[in-house]
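# A structural walkthrough
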Amino acid sequence: SMAIDPCQVRVASGCVTVNNNVLLLCAPGQAHLHSFEPFVGIWQRKQGKRASVQIPIPDVEKAVVCQDPNATAPTDAIPALQCKCDDFKAKNCSSIQMVTATSERLSSWWMAIPSPHCCNYNGTGKSCSEKLCVQEEGNAVRSPGYLGEGAGTKKPAIVKSTRPSFSGATYAERKTQLNQELLEDQVAKYIPRSSWLQLCINGLIHSSRCEEDVNNPRQPGANWFTARFGHAATAISGTRVVIYGGFGCPTGNCANYTALSDVWELYIDALDSSTQSLFQLHELSPPGISLGGVVPLPIPGEDHRLFAIGGAKQSLSSAVLMRNSRPVSRIPFEFRELRIRDRQLNRYFSSTYPAISGHSVVGNSTTAVVYGGFVSNSLTSGVFTLDLSAASADTAMKRMQVIGAAPSARSFSHLFIVGSESMIMFGGVSSAVNDDGLGVKRVGLKDVWQYSFVNSRWSQSQLRYTSEHAFQASSSFTVSESLVLLVHGGVADEYIPGVTSSMRWQPTSKRLYPYGPGSKQPSSEFKALLPTSWVAGTQKPRWIRIRPRTSSAQCISIAPMCQDNVEDEYWDCYPAPYPWWTSIEPSFSLGTCQWSAPGASCAKKTDPITQSCSYPSPPAMTCEPPPRYMHSIAAGAFVGGRDAVVMYGGKDMYNRLLSDTWMYDMTFFPQGGDCEGCGWLIEVQVFIMLNKLACAQVYMNDLRTIFATLFHVEEADKSRIHMDVIEAPEAVLSPNSQLCVYQCDETTETWNLVGKGARNKEQGERITLVLSIPDPKGYFDFVNEECRTVGCKTAFANAAQTTTQANTATLAAINLMGKSRAAEKVNLETCFSQTGGIWEVFLDRCITHREARVPVRKLDTSILCTENCAKGICQFDDIKRYSDGVVSCEAAGACAGDGFCSLPGQRFGHSATSFKYRGGLSTLLIFGGEVQESPGVTALSADVFTGSFQASSMTYARLKLDCSDAHPCPAARRDSSIAVIDNRGGNSGKLVVFGGMTGALGKEYFDNNVDDLVTLNDIWILDLDQIHSAGSGEDCLFYARCAVAMRWVQLDVPGYRPGARFGASMAALDQFSEGMLYLADGARKRISATTLEQTEELDDLHVFQLHDPFYKRCAASGKGLQQAIAGRTTTFFIACTDILGTPANGAEFRVSIAGGPTCEGCPSVFPPVLGVGQGVYQCDYVPVVAGEYVITVKVGRGGPDFQDLIGGDPGAKVSSLESDIIEAAKGNNGLKEFGLLVSSGPTHRPTSTATGDAVTLTTAGITSQFLINAYDAYRNRRPGGEDISVVFRLANSVDIPNAGKVLDNNDGSYQVLYSITEAGRYVVSVSVNGVVGVGSPFDLKVEAQLADTSLTYSYGHFLGVKTGNTYSVYVQTRDRYGNFISTDPNLFPDGSDEIAFEYCSSITKGGTCPPGDEQCTCQNGVKNTD
């Protein structure tokens, strides 16, 4: 408890102090107790009636002024203006108030945190302190304070911006200005400040509200999103905003909101448009479930894609604001990729993290950081990182390693999944050397641990009031959407060889058994661990016992079994009938007589003289199961959809194997935190006649009448009053006390009560009872009324006088339960007086112990049974043998020589659970164990039994299994771990079996003699849908006619697996088909036998994801594994199933494309793999370098070291059917690498080349050539075969062009041959497949050949010349094609040819002047004129 000062709470909630030291207390406050929860690493507000204290607001008509003592002004009431909080009353702030809460964790940290209420201000929910205001003249003594629009506030003041106003500009004008600024100096200036503008359906307006006319033509179609809250909104570019999801209020009342999943996009550029809508609705596929509290994460640089992180179907933030209970989210965490343009939604789920909503997210294109928010329904301050490129949310969320304390090494513990957030481990067994140093004992544990899937931490729950037991049976079931853990039996304290389960009758001993009763012996205690929320804020323990609901005197406990190391009287002793050995069946020996349980045959009488057997003893225990260990309990809706628990087998205190079946009807189990249906306990000391209580039903009924009168129990509820004896005189409980005498009737062969025995003290003896009544208010009313008026004892005596048998009973004392037996008792009246007569305090402090009373019945296996039966039916391998109908196998020899009984028989060390057959009622499932084959001979088993109910009776069936070399089955074993998965809808699910012990029996383990013991770590799957595969499932389950031989499948676990072990605890997280198996602890043979113990317990924790893709069930297919073209997106597919053959999503792949041996220098690429659904994945890659490559594909989690190669067939079809995948994996000659040939892409004209001198220069008439090399866009040489043409066109000519001859060298090169006779400048065009390219057009110069005299001519002044004058004569040289021979005069001033010029009077025959006849010569020589 913590003391809270209301004044301080108000101050913390936001009050205002004015200058004259007057404090205006105008805001209410509230203080809550918060505790630090190490399990999740966060502070949590405690719930409950006493976990908070309310500090009301003063009267709404007056604002109370608490004046400072030093102030001079009087303390007057000041009117409150505009105050709307009319639900609060005035209250002085002088008293100290207490706030109390309870925690089971001793190490919890606590803090009292004040916070303001939420007030209604004109329809707007705000913190009451946020609007606490004073007027501007607030420094005056009598300044009024009010709630409303005022100047005073806790928030910082808003000052006007110094930016210039630009409110008159349109959106387009402001955008134009911004663009102009960017053009001018490339630095964006801020846009001048403007007022807020409201976007409406009918366009952009400057008013405070939108017009009601939604059909304004400015916005055609009036696309607009519905009103909502808790949605995601983010800008994905400078002009676009996306709005996604949230919560809407379709009725206008947000108390009934609904989640949304629509996606809207706002186009800012459409503000001034008269034809385009502001909003556009995008319908993504698949739409996904509706969520609110989603946080958007835009991707920098991408305007078509964003992520939506988290979200839930409930608005937890509004639940907090409205002070409503926070609903528990039943969906897992997920993040979504919204591809707006593609209208596609990709969802990534987590199988371990619950929904996260109302959080904050920052990130980039690869990683998001998630902070705070609600995890399920709890606020958290946790930080997670999210890999946005991961294949699933499980692999995306970064997990923490197990930090801090963890459970100690143990075996035979109990593991349970709690929702999707955590799991609980309880108890177990650890080994230790015996106290005398000889031998090994197995010590029971009672600690409770919780493991968080969110932060990967163990935390220990500090629970009170329970005891240690070894080798218990456990199960769980759901009550009011909360998980309840069930634990039964086991060996009290510790198992000691030669002591435990070694009972022998010793009639002369003071104590009937040398090692008990109770300690180190089997127990029949049945208890449940209630959800934390059921006891929050109270002193009630989470553990509660489950007892039979019965009014029979034969079910009363006369002497309890007690332990010595528990701090609580109630939990120290377990009620049980006395003598408790009489519960053994079918018979047992006592002295010279043969005993049987009541109602059964007692014909075997071994006393030859009396032919009867009488002994001072009440009847045997028939009201609840006898003590046992290594048995099984399984919870399920077995009968009519009602919750029940079925118990089977085990080993008793006589070291005998049991074969009985018991059922607990859990529909009477308490519901919720008020423990409706509980029995509330006190200790009553009375003087009564114990022999009558033990033997006479009438006497017990009279006592029940007395207690009903005292404690105001209605007549209809009298049968719910129970009592047990916990203390009595030693002589009463001795073997010779002779309380009752039973005798065997020879005629009826039954035991009959023939007397009350010799001890018959009429005055009664002091007996201490534990009394249970259905309503604890009766205790309060009794003390408050009867005890305060006439006295407790007198009230008891008056009630006793109304009975006939118990009229002499008297009351000694009424005490509280819960103290140690050695401690002083606390009287109920004393406790009442300490609570001030307040009922709630009385219940919390005085009535701390309660128990659940439920109907319990044993299922009868006799052949004459008609209801509440456990039926065994003859089964046969030959289905034709069933033609005779159903034959019960209870009678000896009923199944003849070729049949077997469907009953599981005497069995212990087996495993049991339940499953829903085809989604219907629950069916019991039993696997393996150690069975009794003959007296004194046991053997291990791998049989599978079912138990199915019709009406009140159950039929056992042994499933028919196909076990052969071709189809192996699990080895016979015991102490294995089992679970059922995929049991949803109409599926019967799959039985998963892990490990166990074989090669040795339980005795060897207990005796620490394990030479032959073999531990296992194999995993087997039995598909339970096979039961009805031939349409005969009901015949098998209800009539044991099992025609289908079911096949086991042994799972080939990739990589690492847990070590071999037995007695491990296993639980399946499979609520949303996660298929997660958690395996913890267990025992194994000690590796180094350097100590006395030959086995050792383990403390490890493993998780196995059954629905993960399995490398042997993955195959690649598609032509992209063999062929690709450079530059083109190439695709191949991978199909995967999990280890169970179901299409598997969420795989992690590593694809490598590396250069082959002939591809030197080829680059390696590692393309991503994306899931496309139903176990199919797609890999796209774009090669750029042609050549030979090798593709390898690996699958698996945990990085390259934990990934395995997969094979495939490039030609196989894309299919996720297991048979298709297996067939495809055989392709490629069984190799797990693929040879890839990357061919060059299409010829790319810009990268192709033309080389050679003849590209630009040639000589007329000469055949010239040059080379064209064809490449793709990535400079890969083409293989040839292109359509290439070369055209030579004379410049400025319209003549028909010349064409070159192109020769394909078939290696990507082309030889071009051409011959042009006309000299000049040409334009050369190269066309590839009809398009000009390869760097063309080129300029080609065609030069003339050497001068040909036959075509060369001269001209000029040859005739009529006169002496003394200068004349010019020209010679025009031409080649053989008539091309003028043109040379550059600057380079060749004399020309390129030798020209000889002579002038004579005659010429010779050879065309030259005669010698000496030359008349003149060229004055300046021959000149080249081009």
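Residues numbered from 1 in each chain as written. Predicted model: local features only at pLDDT ≥ 70, side-chain atom pairs only at ≥ 80, totals over all residues. Heavy atoms only, no water.

### Describing the overall build of the protein
- Counting secondary structure elements, the protein contains 15 helices and 98 strands.
- Counting across all 1426 residues of the protein, residues that qualify as buried make up 49%.
- By sequence separation, contacts in the protein at least 24 residues apart represent 65% of the contacts at least 6 residues apart.
- Element-wise, carbon and sulfur atoms account for 50% of the exposed surface of the protein, whose accessible area totals about 64,400 Å². (Helix = DSSP H or I, 4+ residues; strand = E, 2+ residues; numbered from the N terminus. Buried < 20%, exposed > 50% of the residue type's maximum accessible area, 1.4 Å probe, protein only. Contact = heavy atoms within 4.5 Å. Areas by Shrake-Rupley, 256 points an atom, 1.4 Å probe, with all protein chains shown as cover.)

### Examining the sheet that holds strand β70 (residues 1065–1069)
- Spatially, β70-β71-β74 is the arrangement adopted by the three strands of the open sheet, whose pairing is antiparallel. Single-partner strands in this sheet number two, and they are β70 and β74 (1101–1105). Direction aside, neighbouring strands of the sheet carry axes that sit 20° apart on average.
- Bridge count between β70 and strand β71 (residues 1076–1080): five bridges; the pairing is antiparallel. For Ala1068, the partnering residue across the bridge sits in β71 and is Leu1077. (Pairing = 2+ DSSP bridges. Axes fitted to C-alpha atoms, helices over the stretch in contact; angles between N-to-C directions.)

### Focus: a nonpolar patch on the surface
- A cluster of nonpolar side chains, contributed by Val362, Val369, Tyr371 and Val383, occupies part of the molecular surface with about 360 Å² of accessible area.
- One can find Val383 in strand β31 (residues 383–387). (Patch = residues over 30% accessible without salt bridge, like charges linked within 9 Å, V, L, I, M, F, W, Y side chains within 5 Å. Salt bridge = Lys/Arg side-chain N within 4 Å of Asp/Glu carboxyl O.)

### Brief notes about the packing of helix α8 (residues 697–710) against helix α10 (residues 792–800)
- Across the interface, α8 lies against α10 with an axial gap of 9 Å and an inter-helix angle of 130°. Between α8 and α10, the interaxial angle falls into the category oblique. In the crossing of α8 with α10, the sense of the turn from one axis to the other is right-handed. Every residue of α10 that contacts α8 at Ile706, Phe707, Thr709 and Leu710 is listed here: Ala795, Phe796, Ala799 and Ala800.
- The residue makeup of the contact of α8 with α10, split by class, is seven nonpolar, one polar and no charged. (Parallel < 35°, antiparallel > 145°, perpendicular 65-115°, else oblique. Left-handed = near helix turned anticlockwise from the far one by under 90°. Nonpolar A, V, L, I, M, F, W, Y, C, P; charged D, E, K, R; others polar.)

### Digging into the pattern of salt bridges
- Evaluation of the coordinates by the stated rule reveals 37 salt bridges.
- For Asp781, the salt bridge goes to Lys777, with nearest N and O atoms at 2.9 Å. Of this pair, Asp781 and Lys777 are both found in helix α9 (residues 777–789), four residues apart, which corresponds to roughly one turn of the helix.
- Judged by its relative accessible area of 15%, Asp781 is buried.

### A look at the packing of aromatic side chains
- Under the counting rule described, the total for this entry stands at 44 aromatic pairs.
- Ring geometry for Tyr648 against Tyr956: centres 5.7 Å apart, planes inclined by 65°, an arrangement best described as edge-to-face. Placement of the pair is Tyr648 in strand β48 (residues 642–648) and Tyr956 in strand β65 (residues 953–958), with a sequence separation of 308 residues.
- Given a relative accessible area of 1%, Tyr956 falls into the buried group.
- Taken together, the ring pairs connect Phe412, Phe471, Tyr495, Tyr629, Tyr1005, Phe1006 and Phe1062 into an aromatic cluster.
- For the cation-ring pair, Arg442 lies above Tyr1005, with the distance from its terminal atom to the ring centre recorded as 4.1 Å.
- For the cation-ring pair, Arg881 lies above Phe876, with the distance from its terminal atom to the ring centre recorded as 4.1 Å. (Phe/Tyr/Trp six-rings, centres within 6.5 Å; stacked < 30°, edge-to-face > 60°. Lys NZ or Arg CZ within 6 Å of the ring centre and 35° of its normal.)

### Quick notes on the state of the cysteines
- Taken as a whole and judged by the stated rule, the model has 10 disulfides.
- Residue pairing for Cys889: its cysteine sulfur links by disulfide to Cys901, the two sulfurs lying 1.8 Å apart. Placement of Cys889 in the loop between β59 (874–876) and β60 (899–901) and of Cys901 in strand β60 is noted, with a sequence separation of 12 residues between them.
- Taking the relative accessible area as the measure of exposure, Cys901 reaches 26% and is therefore partly exposed. (Disulfide = S-S within 2.5 Å.)

### Brief notes about the environment of Leu1351
- Its place among the elements puts Leu1351 in the loop between β94 (1338–1343) and β95 (1353–1356).
- As for Leu1351 and Arg1376, which are separated by 25 residues in sequence, their C-alpha atoms are 6.9 Å apart.
- Leave out the neighbours within four places in its chain, and Leu1351 touches Arg1374, Asp1375, Arg1376, Tyr1377 and Gly1378.

### Things to note about the sheet that holds strand β27 (residues 360–363)
- Reading across from one edge, β27-β28-β31 is the order of the three strands in this open sheet, with antiparallel pairing throughout. Each having just a single partner strand, β27 and β31 make up the two edges of the open sheet. Ignoring which end each strand starts from, the neighbouring axes of this sheet average 25° apart.
- Looking at chain direction, β27 and strand β28 (residues 367–371) are connected through four bridges and run antiparallel.

### Some details on the environment of Thr794
- One can find Thr794 in helix α10.
- Residue class for Thr794 comes out partly exposed when judged on its relative accessible area of 39%.
- When the C-alpha positions of Thr794 and Thr810 are compared, they lie 8.9 Å apart, and in sequence the two are 16 residues distant.

### What about empty space enclosed by the protein?
- Taken as a whole, this structure holds 13 cavities of 30 Å³ or more when the rule is applied.
- Taken as a whole, the largest cavity encloses approximately 80 Å³ of empty space.
- Elements with a minimum of two residues in the lining of the largest cavity: β42 (543–548), α8 and β51 (722–727).
- Across the lining of the largest cavity, the residue classes tally to five nonpolar, three polar and five charged. (1 Å grid on protein atoms, 1.4 Å probe; cavity = no way out; pocket = protein on both sides within 12 Å on 5 of 7 lines; lining within 4 Å. Points joined across faces, edges and corners; volume = space filled by probe spheres on them.)

### What about the pairing of strand β35 (residues 457–461)?
- As defined by bridge partners, strand β34 (residues 440–452) adjoins β35 across five bridges and the pair is classed as antiparallel. The residue bridging Ser452 from the neighbouring strand is Arg457, located in β35.
- If you look at the hairpin formed by β34 and β35, you'll find four residues sitting between the two strands, and Ser456 has a positive phi there, around 55°.

### Things to note about the pairing of β48
- For β48, the tally of buried residues reaches five of seven residues, placing the bulk of the element in the interior.
- Pairing geometry for strand β47 (residues 632–639) and β48, over seven bridges, is antiparallel. Paired with Ala637 across the bridge in β48 is Asp643.
- Taking the residues that link successive antiparallel strands as the turn, the β47-β48 hairpin has two residues, and the phi of Gly640 there is positive, at about 60°.
- Of the pairings in the sheet, the one linking β48 to strand β49 (residues 661–665) comprises five bridges and is antiparallel in character. Each residue of the ladder has a partner; that of Val645, found in β49, is Tyr664.

### Looking at α9
- The terminal C-alpha atoms of α9 lie 18 Å apart, and with 13 residues this matches the ideal 18 Å at 1.5 Å per residue to within 8%.
- At Val783, α9 shows its strongest bend, of approximately 30°.
- Among all positions of α9, only Gly778, Tyr779, Phe780, Asp781, Phe782, Val783, Glu786 and Cys787 are buried. (Expected span 1.5 Å × (residues − 1). Bend = angle between axes of the 7 residues up to and from the residue.)

### Notes on unusual backbone geometry
- Omega for the peptide link from Ser1336 to Pro1337 comes to 10°, which places this bond in the cis form.
- Position of Pro1337 relative to the elements: it lies in the loop between β93 (1331–1332) and β94.
- Of note in the backbone geometry, Gln1174 takes a positive phi value of approximately 55° without being a glycine.
- Secondary-structure assignment places Gln1174 in the loop between β79 (1169–1173) and β80 (1176–1181).

### A word on α10
- Buried within α10 we find Cys792, Ala795, Phe796, Ala799 and Ala800. Down the axis of α10, the buried side of the element spans an arc of 135°, and every buried residue falls inside it.
- Among the structural elements, β50 (678–688), α8, α9, β55 (810–815) and α11 (828–834) are those in contact with the buried residues of α10. (Arc of directions from axis to C-beta.)

### Here's the deal with the nonpolar core
- In this structure, Leu486, Phe669, Leu693 and Phe711 are the most contacted members of the largest nonpolar core, which totals 75 residues.
- When near neighbours in sequence (up to four residues on either side) are disregarded, Leu693 contacts Ala553, Ile556, Ile688, Tyr699, Met700, Leu703, Met723, Val725 and Leu769.
- Among the nonpolar cores identified, the runner-up in size contains 44 residues, and Val1053, Ile1139, Val1151 and Ile1153 belong to it. (Core = buried A, V, L, I, M, F, W, Y, C linked by side-chain atoms within 4.5 Å.)

### A closer look at the environment of Ile558
- Here Ile558 is to be found in the loop between β42 and β43 (561–562).
- Distance from Ile558 to Ile726, taken between C-alpha atoms, is 7.0 Å for residues 168 residues apart in sequence.

### So, the confidence of the model for the protein
- The share of residues in the protein with pLDDT of 70 or more is 72%, and the mean pLDDT across the chain is 77.
- The model gives residues 118–168 a pLDDT under 50, and that stretch makes 113 contacts with residues more than four places away or in other chains. (pLDDT = per-residue confidence, 0-100.)

### A word on the side chain of Thr1137
- Here Thr1137 is to be found in strand β77 (residues 1130–1138).
- Look at Thr1137 and you get buried, because its relative accessible area is 0%.
- Discounting chain neighbours no more than four positions away, the residues touching Thr1137 are Asp1108, Pro1109, Phe1110, Arg1113, Thr1142, Pro1143, Ala1144, Ser1216, Glu1218 and Ile1221.

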